Each structure stands twice: as C-alpha cells, then as structure tokens.
Amino acid sequence: MKKTFITSIVIMILILALALIQTGCGSGPASQESTSDTSNSEDTSAGGTGKVYKIGISQFVEHPALDSAREGFVDGLKEAGFEEGKNIEIIVENAQADFSTTQAIANKLINEKVDLILAIATPSAQAAVNATKDISILVTAVTDPVDAGLVKSMEKPGTNVTGTTDMNPVKDQLKLLKEIIPSAKNVGIIYNAAEPNSVVQVNIAKEAAKELDLTIFEATVANTSEINQAVQSLVSKVDAIYTPTDNTVASAISNIVKVANEAKIPVIGAERGEVEGGALATIGIDYYLLGKQTGQMAARVLNGENPAEMPIESSKDLKLIINKKSAEALGITIPQEVLSRADEILEK
C-alpha cells in the first residue's frame, strides 16, 4: 500500500515535469516570432527606411521664382533627413495659372492620401485650405497669409497651415529705383488684380511712393497675353516700371523687359528671377533659399510639430542683384555706391 502510494507520487511528478518541458519548447518559436516582428516594424524616424511619407506639391504656375522655391523645398527636406526614394515620395502638380485647376489638384492630393501638402503661391494655398483642414499644409511664395485667409495670425497660425511669406521690401525696392535713377518721378506697376498678394504689394507701393515723391501708374492684366499692351500703356507716362512678385507678371518678365527696354524705360524687379529675366535690379528674396527654409519647416512637421503653433517665417536673406547687360542696353550707369553693395552682378 505504501509502495503503491509512492509509485503514484513519482508518476505524477514525471507527468508534471513533461508538461513543463513541452510548455517551454512551445514558447521558443513564439519568442523568436515576436522578436522578428519587432525588427520588421516601421521606423518612423527621419533616417528610417520603413515609413515612407507621401508629400504633395501644388504649384500655381511655372516660372523661375516658383520653380526655385520648389527645388529649395526638396533640398531643405533632404538636409533634414527626408529624401525622395528613401523615406518620402513626392507628387508634383502644376495648375499652369488656372485658378480652377488649383482646386482639382488639391482634391487629387487628398485622394492620394498625402501626409503633407506644399502649396506654392497664394491661389494654390487657398485651394488646399478650402479642400482640407486635417492634412498639414506648408505654404511658400505667399505674400500675406492672414489677408489670404490661410492663418489667424503670423505668430500663431491656429490652423493646419504654416510656412513662409515672400513679402517683399517694397519700399526698399522703390528706394533702390531712386538711387539708380534719382530723377524718376513716375513709376508704372503691372499686376494681376485677381492675385491678392499683388494687390497687397501695390498698396504698400502707393504708401511708400508718398514718402519718396513718386507717382504710381497702374496697369492690370488678367493673363500673360495682355502683358505687351499693358507695358505699352505705361511707357509713355513713366520713368521706370516696378514689377511685384506677381505670378502672371513673373511668367512674362522677358516680354515686359523687351517692350520697356525698347522705350528706354528701366524695370526694377521684386526678386532674383525677374532680374535674371532682364530687369535692371532688385533688392529682394532668393526663392530657392525661401523654399529651402520651408522644407526645413516641413521636416519639423513630419517629425511631430503642430503647424498651428509654428509661426509663419519670412526670408532670412535678401540680395541686392544688378543686371549689367540691362544697364548697358538702357545706357544707365549704376552709381558706384550701389555697385559696392551688390551681392551679385549678372553679366549675361
């Protein structure tokens, strides 16, 4: 009886031991599978290869300034660790100056389920904001984001939008005009009245003109086909023409310069691309650098910052640029004091 009881105890111990061994063997593959899953999980850091962010770019029109802003944006992202083909995918759409197309592009990017939208120029930015309040939107080449209805304030946007403004030093540009041509009294401005950013700049120019003893003559256009006629309407009235950062105007800067130069009327541009296109001079924004600044802000958003809390930034780097060939064509001698301050003198 006692022997039987001991035997039963031994058998029970053996059964328990076997059960524990089987449980232990069963847990081995489970642990390996868990480790494998962890190693294959998405890496959402800037340098990771797992998470790929989809970025949509909506550009209003092709011209050197906006193209440069787009290129700078991509390079700014790359410097911050976000590179196409590695951890970002970029979709580029261009409205070719068609206001209705900007809305179609915004809707398309939303359907593509992008993680972030870059809107280049005010019409594209307004279309993106009308289309979504959820996707983060970075803007650039927008003169007045508050006036355009994109943000509540420059310091604290309070919406899904942040980015950079291309507000020009309009008064300084008109002062530059006076330095180069001290006798100038009448200045023509060509712009598209349908672009809010242009209207803002024209109003600033009118205020500045009062202090500088200048009279402003306006010529408005709806598209590039009206440019030549607009310039012709001004050349008999003015001593110089000022071109703001207007998308319609920037797209036709070479035409403006051609007609103006034939009448020996200098053109003062608002940014580098316009001087490269033949304008006499500018003290203004480098749109590549502005775009790069925007790209660095976009990287911060992808890394978790809230655009509603990120102030709209302005250009950190203005350039005085002179087109020597245009000066020669106009028979204008640029004062030495201006030449000595120039950041760049274009020879072509």
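Scroll up to find the structure.
Now for a look at the structure at hand.

Here is what the cut-offs are and how they apply
Residues numbered from 1 in each chain as written. Predicted model: local features only at pLDDT ≥ 70, side-chain atom pairs only at ≥ 80, totals over all residues. Heavy atoms only, no water. Helix = DSSP H or I, 4+ residues; strand = E, 2+ residues; numbered from the N terminus. Buried < 20%, exposed > 50% of the residue type's maximum accessible area, 1.4 Å probe, protein only. Contact = heavy atoms within 4.5 Å. Core = buried A, V, L, I, M, F, W, Y, C linked by side-chain atoms within 4.5 Å. Pairing = 2+ DSSP bridges. Axes fitted to C-alpha atoms, helices over the stretch in contact; angles between N-to-C directions. Salt bridge = Lys/Arg side-chain N within 4 Å of Asp/Glu carboxyl O. Lys, Arg positive; Asp, Glu negative; His and termini not counted. Polar contact = N/O pair within 3.5 Å; in protein donor to acceptor, adjacent residues only side chain to side chain. Parallel < 35°, antiparallel > 145°, perpendicular 65-115°, else oblique. Left-handed = near helix turned anticlockwise from the far one by under 90°. Nonpolar A, V, L, I, M, F, W, Y, C, P; charged D, E, K, R; others polar. Right-handed = clockwise from strand over helix to strand, strands pointing away. Phe/Tyr/Trp six-rings, centres within 6.5 Å; stacked < 30°, edge-to-face > 60°.

Remarks on the overall build of the protein
Link 1 in the chain: Scanning the protein from terminus to terminus reveals 13 helices and 13 strands.
Link 2 in the chain: Within the protein, the proportion of its 348 residues that are buried is 48%.
Link 3 in the chain: Residue pairs in contact within the protein that sit at least 24 positions apart in sequence constitute 70% of those at least 6 positions apart.

A closer look at the nonpolar core
Link 1 in the chain: Among the nonpolar cores identified, the biggest contains 47 residues, and Phe73, Leu77, Leu116, Ile137, Val139 and Leu150 are the most heavily contacted of them.
Link 2 in the chain: Setting aside anything within four residues of it in sequence, one finds Leu77 in contact with Ile55, Phe82, Ile88, Gly295, Ala298, Ala299 and Leu302.
Link 3 in the chain: With 28 residues, the next largest nonpolar core counts Leu176, Ile216, Ile268 and Ala327 among its residues.

What to know about the sheet that holds strand E11 (residues 313-314)
Link 1 in the chain: The strand order across the open sheet built from six strands is E2-E1-E3-E4-E5-E11, with neighbouring strands paired in parallel fashion. Looking at which strands have only one partner, the edges of the open sheet turn out to be strand E2 (88-94) and E11.
Link 2 in the chain: The sheet contacts of helix H3 (residues 99-111) involve strand E1 (53-59), E2 and strand E3 (116-120), and relative to E2 the element is tilted by about 160 degrees.
Link 3 in the chain: Seen against the sheet, helix H4 (residues 122-131) touches E1, E3, strand E4 (136-142) and strand E5 (161-165) and runs at an angle of roughly 160 degrees to E4.

Some thoughts on the pattern of salt bridges
Link 1 in the chain: What the rule picks out here adds up to 19 salt bridges.
Link 2 in the chain: Residues Asp67 and Arg70 are paired through a salt bridge, measuring 3.4 Å at the closest nitrogen-oxygen approach. Remark: Arg70 and Asp67 occur in helix H2 (residues 64-79); sequence separation between them is three residues, near one turn of the helix.
Link 3 in the chain: Salt bridges linked by common partners bring Lys78, Glu83 and Lys86 together as one network.

Description of the side chain of Lys178
Link 1 in the chain: Along the polypeptide, Lys178 turns up in helix H5 (residues 170-180).
Link 2 in the chain: One buried charged residue, Lys178, remains without a salt bridge, the closest side chain of opposite sign being Asp213 at 5.2 Å.
Link 3 in the chain: Separated by 3.1 Å, the side chain of Lys178 and the backbone oxygen of Ala184 make a polar contact.
Link 4 in the chain: Filtering out sequence-adjacent residues up to four positions away, Lys178 remains in contact with Ala184, Leu212, Asp213 and Leu214.

Concerning the packing of H2 against helix H11 (residues 287-302)
The description of two helices packed together rests on the angle between their axes and the distance between the axes.
Link 1 in the chain: Relative to each other, H2 and H11 sit at 40 degrees, their axes nearing to 6 Å. The pairing of H2 with H11 is recorded here as oblique in orientation. For the element pair H2 and H11, the recorded crossing hand is right-handed. Residue-level contacts link Ala65, Ser68, Ala69, Glu71, Gly72, Phe73, Asp75, Gly76, Leu77 and Glu79 of H2 to Tyr287, Tyr288, Gly291, Lys292, Thr294, Gly295, Gln296, Ala298, Ala299 and Leu302 of H11.
Link 2 in the chain: When the residues that make up the contact of H2 with H11 are grouped by side-chain class, the tally is nine nonpolar, seven polar and four charged.

Side note on the pairing of strand E7 (residues 215-220)
Link 1 in the chain: The pairing of strand E6 (residues 186-191) with E7 spans six bridges and is parallel. If you follow Ile190 over to E7, its bridge partner there is Ala219.
Link 2 in the chain: Each parallel crossover has a hand, and the one from E6 via helix H6 (residues 196-211) to E7 is right-handed.

Here we look at the packing of aromatic side chains
Link 1 in the chain: By the definition in use, this model includes two aromatic pairs.
Link 2 in the chain: When the centroid spacing of 5.9 Å and the interplanar angle of 70 degrees are considered together, the rings of Tyr53 and Phe82 count as edge-to-face. Of the two residues, Tyr53 sits in strand E1 while Phe82 sits in the loop between H2 and E2, which places them 29 residues apart along the sequence. Grouping residues by exposure puts Tyr53 and Phe82 together as buried.

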